[in-house]
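# Working through the structure, step by step
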Amino acid sequence: MTKAIHLWSLDVVASEELTVKELKETQLWGCGGVIYLLQTVLKNSEYPQLWVVTRGAQPVLSDKEKLAVAATPLWGLGRVVSLEHPQLWGGLVDLDPQKTEQEVEMLLQLLVNSSEEDHLALRGEQTYVARLVKQSASEFAQPVSLSSDRTYLITGGLGALGLHTAQWLVEKGARHLVLIGRSQPSPKKQAAINHLKQQGVEVIVAQADVCHVEELEKLFEQIDSSMTPLKGIVHAAGVGGYQPIQQIELTEFKRVIAPKVVGGWILHQLTQDRELDFFINFSSIAAVWGSGLTANYAAANHFLDGLAHYRQAIGLPSFSINWGPWAGGGMASDEELRELSKRGVDSLSPTQGIAALERLLVSSKTQTVVADINWSLFKQLYQTGKRRLLLEEIVVETTETQLKEENAETDSNGILMQLKAVSNNEKPKILMAHLQAEVARVLGITTSEIDVEQNLSMMGVDSLMVVELRSRFQSQLKVDIPISKLTEEFTIAALSTEILSTLTTPVMFADYIGDTHQYNLV
Ligand SMILES: NC(=O)c1ccc[n+]([C@@H]2O[C@H](COP(=O)([O-])OP(=O)(O)OC[C@H]3O[C@@H](n4cnc5c(N)ncnc54)[C@H](OP(=O)(O)O)[C@@H]3O)[C@@H](O)[C@H]2O)c1
């Protein structure tokens with residue numbers, strides 16, 4: 001046997017009619033079937049090349065494609081199989097949601113003439129491949145303001161990211177929160193909740209399991225009867241777990257996928273008739289490009305990506321964020337963060353994560369990776385032993401280019417590097433001194449003559465100097481300060497605060513914010 005083709009997920013129930021029971025069953029013969037197949041073939045010394053085929057499980061042409069959400073976890077799982085067992089990995093093929101006459105022939109051609117492409121989709125007579133693409137972060141910046149007379153619900157609200165999100169919602173104006181978790185809050189978490197309450201916020205801590213429909217129904221009844229209208233959901237409940245595919249048991253598979261797959265679908269079903277402002281899914285980079293030992297987790301997270309696309313297609317708000325690891329507590333332990341960093345996956349600080357979340361809330365993106373990746377290191381390691389075309393569009397600078405850039409930065413005092421190297425507390429002082437020197441330079445005076453609290457225009461900074469300053473800040477600090485701001489009553493101190501707030505968003509520190517599913521024609 002040279003090839004094994006998994007077709008069991010072609011007949012999943014259409015998302016519009018999918019019940020929770022059917023969704024759970026589908027996972028057993030979908031992902032469960034692939035895991036069992038792998039565990040069986042891996043016992044032999046020779047094994048067939050494995051291909052996994054789905055139908056309508058990837059958003060290829062537009063967000064209007066109603067995804068077959070029940071089959072989406074297979075794509076997350078497949079990405080991990082490809083990393084753990086590259087020797088037997090063939091690829092993933094997503095067939096056209098509408099059966100076409102030529103699809104069998106096209107599929108066979110793909111499998112027989114298999115190339116290095118392993119993320120493929122057929123739509124009509126065309127074959128598409130998936131490419132991760134960089135996304136400019138500039139289009140995301142818009143102010144966020146939330147309503148004080150609406151209720152916002154966070155599943156996994158007592159987790160690390162959940163509590164950061166709660167604090168951010170409050171900073172943006174929310175005054176009614178529901179935080180869901182199965183356990184009682186620890187004293188530390190209770191202190192964080194108390195802190196929210198002290199800011200005048202109504203916080204309901206609901207002990208509920210997102211996988212139990214009755215518990216959520218009861219909670220929604222309680223919200224409807226005693227709180228302001230529910231208008232936003234952040235689905236951050238999740239559990240981790242590391243296991244090689246050969247050792248995965250069904251109970252562990254069910255445990256890991258439950259909060260994201262079952263919980264996500266229940267939340268969708270229970271709220272689809274409500275007018276929500278947002279429905280945000282906390283997913284993971286593991287769902288986008290895989291990560292060793294996380295087959296269950298990657299499958300679970302890719303369901304959330306699919307759910308976001310499906311909701312968009314049927315006119316409901318939703319987006320999914322494929323987070324890289326966060327520092328400062330949470331699912332990823334310090335040791336895991338250190339290990340990931342050695343492989344080029346650095347962690348986001350909570351400030352960076354929240355800044356990205358805020359930007360995405362006002363963007364129109366359905367799925368976005370937010371991660372701090374050292375691409376030259378990560379891409380090299382990711383492709384050890386196998387070229388992986390998913391990352392083909394991520395251009396990694398050569399060492400020579402990097403050196404040039406570093407020298408260029410050093411020429412302008414390496415201010416970005418200096419800022420990167422110091423703690424947040426030290427940044428304002430360093431940046432302020434730099435801005436002082438820059439303004440002194442264009443004015444032709446000494447730094448000691450500059451008063452950081454005086455307006456730039458009062459100091460004598462004219463419009464030509466403003467243009468020069470703006471251009472220097474663009475090249476040195478990679479920030480674009482509008483001319484209007486520099487000519488208005490801006491002091492150096494205010495300018496420093498403005499620039500620092502821009503720098504602490506992932507635009508600056510995370511090398512990548514991207515769409516995950518740009519399909520380019522082969
Ligand atoms: N931290 C990271 O670096 C990172 C990176 C990528 C993605 N993410 C995703 O972001 C989310 C939050 O991560 P985190 O680091 O904050 O994790 P965390 O601290 O472990 O929080 C997760 C929370 O989910 C709750 N939960 C789990 N199963 C549940 C269920 N069935 N019903 C209700 N609540 C449930 C847990 O509380 P109980 O156990 O008490 O129920 C826990 O408080 C997760 O979905 C994770 O996959 C995190």
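Below is a short write-up of the structure. Predicted model, so just to flag it, every value in this text is computed and none were measured. (Residues numbered from 1 in each chain as written. Predicted model: local features only at pLDDT ≥ 70, side-chain atom pairs only at ≥ 80, totals over all residues. Heavy atoms only, no water.)

## Some details on the overall build of the protein
Summing up its helical and strand segments, the protein has 21 helices and 15 strands in all. For 522 residues, the compact-globule formula gives about 24 Å, and the C-alpha radius of gyration of the protein, at 25 Å, lands near that figure. Principal axes of the C-alpha set define a box for the protein whose edges measure 80 × 60 × 40 Å. Per-residue burial over the protein gives 54% buried out of 522 residues. In the protein, 75% of the contacts between residues at least 6 apart in sequence involve partners at least 24 apart. Accessible area of the protein: about 23,000 Å², with a carbon and sulfur share of 50%. With 44 positive and 62 negative side-chain charges, the protein shows a separation of 3 Å between the mean positions of the two kinds. (Helix = DSSP H or I, 4+ residues; strand = E, 2+ residues; numbered from the N terminus. Rg over C-alpha atoms; globule rule 2.2 N^0.38 Å. Buried < 20%, exposed > 50% of the residue type's maximum accessible area, 1.4 Å probe, protein only. Contact = heavy atoms within 4.5 Å. Areas by Shrake-Rupley, 256 points an atom, 1.4 Å probe, with all protein chains shown as cover. Lys, Arg positive; Asp, Glu negative; His and termini not counted. Charge placed at Lys NZ, Arg CZ, Asp CG, Glu CD.)

## Side note on the pairing of strand β6 (residues 151-155)
Of all 5 residues that make up β6, 5 are buried, and the element is covered over most of its length. For β6 and strand β7 (residues 176-181), the ladder comprises 5 bridges, and the chain directions are parallel. What sits directly across from I154, in β7, is L179. At this point the chain moves from β6, through helix α5 (residues 160-171), to the parallel β7, and the crossover so formed is right-handed. (Pairing = 2+ DSSP bridges. Right-handed = clockwise from strand over helix to strand, strands pointing away.)

## What about the pattern of salt bridges?
Two side chains of opposite charge can pair, provided their charged atoms sit close to one another. Within the structure shown, the criterion is met by 14 salt bridges. As a salt-bridge pair, R55 and E103 come within 2.7 Å of each other at their nearest N and O atoms. Separated by 48 residues along the polypeptide, R55 in strand β2 (residues 49-55) and E103 in helix α4 (residues 103-112) bring together distant segments of the chain. Of the residues examined, E103 reaches a relative accessible area of 8% and is grouped as buried. (Salt bridge = Lys/Arg side-chain N within 4 Å of Asp/Glu carboxyl O.)

## Regarding empty space enclosed by the protein
Within the structure shown, the criterion is met by 2 cavities of 30 Å³ or more. If you go around the largest cavity, the residues you meet are A4, L37, L38, V41, P48, L50 and L88. Considering every element that reaches the lining of the largest cavity, the biggest residue donor is helix α2 (residues 31-41), with 3 residues. Looking at side-chain class alone, the lining of the largest cavity contains 7 nonpolar, no polar and no charged residues. Size it by volume and the second largest cavity reaches roughly 30 Å³. A per-class count over the lining of the second largest cavity returns 4 nonpolar, 4 polar and no charged. (1 Å grid on protein atoms, 1.4 Å probe; cavity = no way out; pocket = protein on both sides within 12 Å on 5 of 7 lines; lining within 4 Å. Points joined across faces, edges and corners; volume = space filled by probe spheres on them. Nonpolar A, V, L, I, M, F, W, Y, C, P; charged D, E, K, R; others polar.)

## Examining a negative patch on the surface
Taken together, E214, E215, E217 and E221 make up a surface patch of like negative charges. Its place among the elements puts E217 in helix α7 (residues 213-226). Taking the relative accessible area as the measure of exposure, E217 reaches 38% and is therefore partly exposed. (Patch = residues over 30% accessible without salt bridge, like charges linked within 9 Å, V, L, I, M, F, W, Y side chains within 5 Å.)

## Focus on the nonpolar core
If you look at the biggest cluster of nonpolar residues, it comprises 65 residues, and the most contacted ones within it are L77, L153, I180 and W265. Counting contributing residues per domain, this core is built from domain 1 (3-131) and domain 2 (140-386), each supplying no fewer than three. Apart from the residues lying within four places of it in its own chain, the contact partners of L153 are V178, I180, L219, F220, I223, L230, G232, I233 and V234. Of all hydrophobic cores here, the second largest spans 34 residues; its members include L161, L177, F278 and A356. (Core = buried A, V, L, I, M, F, W, Y, C linked by side-chain atoms within 4.5 Å. Domains from an automatic or database assignment.)

## Details of the packing of α5 against helix α12 (residues 350-361)
Here α5 crosses α12 at 55°, and the two axes come no closer than 11 Å. In this view, α5 runs oblique relative to α12, as classed from their interaxial angle. The hand of the α5/α12 crossing is right-handed. Along the contact surface, α5 presents H164, T165 and W168, while α12 presents P350, I354, L357, E358 and L361. A class-by-class count of the residues in the contact of α5 with α12 yields 5 nonpolar, 2 polar and 1 charged. (Axes fitted to C-alpha atoms, helices over the stretch in contact; angles between N-to-C directions. Parallel < 35°, antiparallel > 145°, perpendicular 65-115°, else oblique. Left-handed = near helix turned anticlockwise from the far one by under 90°.)

## Some remarks on unusual backbone geometry
Positive phi, close to 70°, is recorded for L293, a residue that is not glycine. For L293, a relative accessible area of 37% gives the class partly exposed. You will see that K478, though not glycine, has its phi angle at about 60°, which is positive. Considering the arrangement of structural elements, one finds K478 in the loop between α18 (463-477) and α19 (483-487).

## Quick notes on the site of the ligand
Neighbouring the ligand are 29 residues, the closest being R182, S183, K260, Y297 and M331. Within the side chain of R182, one N or O atom sits 2.7 Å away from an oxygen atom of the ligand. In this structure, a nitrogen atom belonging to the ligand sits 3.0 Å away from a main-chain N or O atom of V210. For the ligand, the protein covers 90% of the area, taking 870 Å² as the surface of the free molecule. Listing elements by their share of the shell around the ligand, those giving two or more residues are α5, α8 (250-271) and β10 (278-284). With 3 residues, the top contributor of residues to the shell around the ligand is β10. Counted by class, the shell around the ligand contains 17 nonpolar, 9 polar and 3 charged residues. (Near = heavy atom within 4 Å. Polar contact = N/O pair within 3.5 Å; in protein donor to acceptor, adjacent residues only side chain to side chain.)

## With respect to the packing of aromatic side chains
Scanning all chains against the criterion turns up 9 aromatic pairs. Aromatic side chains W289 and F378 sit 5.4 Å apart centroid to centroid with 50° between the ring planes, which places their arrangement in the tilted category. With W289 in helix α9 (residues 286-289) and F378 in helix α13 (residues 375-382), this residue pair connects regions lying 89 residues apart in the sequence. You can call F378 buried: its relative accessible area is 8%. (Phe/Tyr/Trp six-rings, centres within 6.5 Å; stacked < 30°, edge-to-face > 60°.)

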